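Residues per chain are reported as follows:
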Amino acid sequence: SSSSPRRDFLAKTIATTSFLLTTTASAPLPSRAKEPTEPLTRELVTSTFQSIRDELTSPTGVVPTLTSLLDGKSYAQILQYTKESDAYFRKGKLGKARKLLSQAGCSKEVKDAALGLSNAVTFDLIGINRASREGRVSEEDGRRYLGELRADVEKFLELEKEIVLEE
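Sequence order as written defines the numbering, with residues in each chain counted from 1. In keeping with the predicted nature of the model, local features appear solely for residues at pLDDT of at least 70, side-chain atom pairs appear and are counted solely at 80 or more, and the whole-chain, interface and lining totals rest on all residues. Excluding hydrogens and water, the side-chain values take into account all heavy atoms of the structure.

Looking at this structure, how should I read the packing of aromatic side chains?
Within a pair of aromatic rings, the relevant descriptors are the distance that separates the centres and the angle that separates the planes. Centres within 6.5 Å make a pair out of two Phe, Tyr or Trp rings, where for Trp the six-membered ring is used; the pair is then stacked when the planes are under 30 degrees apart, edge-to-face when over 60, and tilted otherwise. Under the counting rule described, the total for this entry stands at 1 aromatic pair. The rule is short: NZ of Lys or CZ of Arg within 6 Å of the ring centre and within 35 degrees of the ring normal puts a charge over the ring. When the ring centre of Tyr-145 is taken as reference, the NZ or CZ atom of Arg-144 above it lies at 4.6 Å.

And the structure:
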């Protein structure tokens, strides 16, 4: 049996990709000074977690915004908003709080919980996005994932009390 052009293309693509990944992964990265860390203060912890709390309660927060977009059946806007939210909310705000948990010397269990909840936020946003896609709109799924997003953010906020500062 002769191989198809498609199969040949896939084999070459996989081989090239594997080679590139191997050579790139083994190349040493240029060294770079670590970004200076802000001193860990009660004010920094409070403001960081408050910015996350605002995403639940402020009219412009992620949860209220998604709620009103779902109420208005603005599915095209939801698709865009969920992508943007992952970057600025999960990577930005939750990422900053996770760094504080590390900086404060919290246990591996606490850091793992923070990572798990941060990842859960991504999956909640993906679920809302999927429930809003043309031809597959499901208001019920969108609301279910929105409820999970709210619950995951609330659980993440509980981790603030794990940061104990010597003052």
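Please explain helix 5 (residues 108-130) as it appears in this structure.
Between its terminal C-alpha atoms helix 5 stretches 33 Å, which fits the 33 Å expected from 23 residues at 1.5 Å a residue. For helix 5, the complete set of buried residues consists of Val-110, Ala-114, Leu-117, Ser-118, Ala-120, Val-121, Thr-122, Asp-124, Leu-125, Gly-127, Ile-128 and Asn-129. Whether two residues are in contact is decided by their heavy atoms, any of which lying within 4.5 Å being enough. Helix numbering and strand numbering both begin at the N terminus, where a helix is a DSSP run of H or I of at least 4 residues and a strand a DSSP run of E of at least 2. Summarising the contacts, the buried residues of helix 5 are in contact with helix 3 (62-71), helix 4 (75-103) and helix 6 (139-158). Helix span, expected: 1.5 Å multiplied by one less than the number of residues in the helix. Each residue gets one of three labels from its accessible area relative to the maximum for its type: buried under 20%, exposed over 50%, partly exposed in between, using a 1.4 Å probe on protein chains only.

Looking at this model, I keep getting lost on the pattern of salt bridges. Mind explaining?
Pairing is possible between side chains that carry opposite charge, provided their charged atoms lie close to one another. A pair is scored as a salt bridge if a Lys or Arg side-chain nitrogen falls within 4 Å of a carboxyl oxygen belonging to Asp or Glu. By the definition in use, this model includes 10 salt bridges. Between Lys-93 and Glu-55 there is a salt bridge, with its nearest N and O atoms 2.7 Å apart. Here Glu-55 lies in helix 2 (residues 42-57) and Lys-93 lies in helix 4, a separation of 38 residues in the sequence. The partly exposed category is assigned to Lys-93, whose relative accessible area is 22%. Across the pair Asp-112 and Lys-108 runs a salt bridge whose closest N-O atoms are separated by 2.9 Å. One end of the pair, Asp-112, and the other, Lys-108, are both in helix 5, 4 residues apart, so they sit about a helical turn from each other. You can call Lys-108 exposed: its relative accessible area is 57%.

Honestly, the nonpolar core in this entry has me stumped. Any pointers?
The nonpolar side chains of a soluble globular protein tend to be buried, and buried together. For the purposes of this section, nonpolar cores are sets of buried Ala, Val, Leu, Ile, Met, Phe, Trp, Tyr and Cys residues that join through side-chain atoms within 4.5 Å. If you look at the biggest cluster of nonpolar residues, it comprises 33 residues, and the most contacted ones within it are Phe-49, Ile-52, Leu-66, Leu-149, Val-153, Phe-156 and Ile-163. Going through the elements one at a time, helix 2, helix 3, helix 4, helix 5 and helix 6 are the ones with two or more residues in this core. With 8 residues, the top contributor of residues to this core is helix 4.

Can you walk me through unusual backbone geometry in this structure?
Trans peptide bonds make up the majority, and among non-glycine residues the majority have a negative phi. Its identity as a non-glycine residue notwithstanding, Lys-73 has a phi of 55°, on the positive side. Position of Lys-73 among the secondary structure elements: in the loop between helix 3 and helix 4.

Before we go on, may I ask you to explain the confidence of the model for the chain in this structure?
The predicted structure's coordinates, where accompanied by low pLDDT, should not be read in detail. Per-residue confidence from the predictor is reported as pLDDT, which spans 0 to 100. Per-residue pLDDT for the chain averages 87, and the proportion of residues at 70 or more is 78%. Note on residues 29-33: pLDDT is under 50 here. Beyond four places in sequence and across chains, it has 0 contacts.

Any chance you could explain the environment of Leu-165 here in plain terms?
Structurally, Leu-165 can be placed in the segment after helix 6. In this structure Leu-165 comes out as buried when scored by relative accessible area, which is 18%. Separated by 123 residues in sequence, Leu-165 and Arg-42 place their C-alpha atoms 7.2 Å apart.

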